[in-house]
Amino acid sequence: MPEVLYEQDYFTKHPYKEYFDFPAHAARVDRFINITHPESVLDVGCGYGYIVRRLLWRGIPAIGCDLSKWCQQKASEIIPGHFVCTPADDLSMIPDKKFDVLYCEGVLEHIPDELIGKVLSEFQRVA
């Protein structure tokens, strides 16, 4: 995947200008918890980790992953110890069935068609 697209410029210029913990994140987490009742969560494509942080605040063990080195740097401030830098098609450092639920929002549309099957297979393996 073209990692360069998801580095500093993506999160600080277009489309966000400045990526921050949007108020909608709180509503998403509430809805997600009410629907799934998760015991543990992997957030694939977590960006800076705002969803993970909100899950942790609610007492739900969570880890975020993203392919962006920029996100890794930001997540180290927001969710220290709860971030893995890896693309969605290679979650090999995560053991099978490690997570109860997988959260993935705004990611699949960025995955090249030829990798969708591998990504979905990885999702199924880890959660």
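Scoring rules and cut-offs
- Residues numbered from 1 in each chain as written.
- Predicted model: local features only at pLDDT ≥ 70, side-chain atom pairs only at ≥ 80, totals over all residues.
- Heavy atoms only, no water.
- Core = buried A, V, L, I, M, F, W, Y, C linked by side-chain atoms within 4.5 Å.
- Buried < 20%, exposed > 50% of the residue type's maximum accessible area, 1.4 Å probe, protein only.
- Helix = DSSP H or I, 4+ residues; strand = E, 2+ residues; numbered from the N terminus.
- Contact = heavy atoms within 4.5 Å.
- Salt bridge = Lys/Arg side-chain N within 4 Å of Asp/Glu carboxyl O.

Asks: Where do I start with the nonpolar core in this structure?
Replies: The tendency in soluble globular proteins is for nonpolar side chains to be buried as a group. Phe11, Phe32, Val41, Tyr48, Leu55, Ile79 and Phe83 are the most contacted members of the largest nonpolar core, which has 22 residues in total. Elements that contribute at least two residues to this core include exactly α2 (23–36), α3 (50–57), α4 (69–78) and β4 (101–103). Once residues within four sequence positions are removed from consideration, Phe83 is found in contact with Cys46, Gly47, Gly64, Cys65, Asp66, Ser68, Cys71, Gln72 and Ala75.

Asks: Quick question: what am I supposed to make of the pattern of salt bridges here?
Replies: Oppositely charged side chains can form a pair if their charged atoms are brought close together. In the structure shown here, the tally under the stated rule is six salt bridges. We note a salt bridge from Arg54 to Asp21, for which the minimum N-O separation is 3.3 Å. Separated by 33 residues along the polypeptide, Arg54 in helix α3 and Asp21 in the loop between α1 (8–12) and α2 bring together distant segments of the chain. Classification of Asp21 as buried rests on a relative accessible area of 18%. One continuous salt-bridge network, built from bridges that share partners, spans Asp21, Arg53 and Arg54.

Asks: What is the right way to read the environment of Cys46 from this model?
Replies: With respect to the helices and strands, the residue Cys46 is situated in the loop between β1 (41–44) and α3. Each C-alpha atom of the pair Cys46 and Ala75 lies 8.9 Å from the other, and the pair is 29 residues apart in sequence. Apart from the residues within four sequence positions on either side, Cys46 is in contact with Tyr19, Val52, Gly64, Cys65, Asp66 and Phe83.

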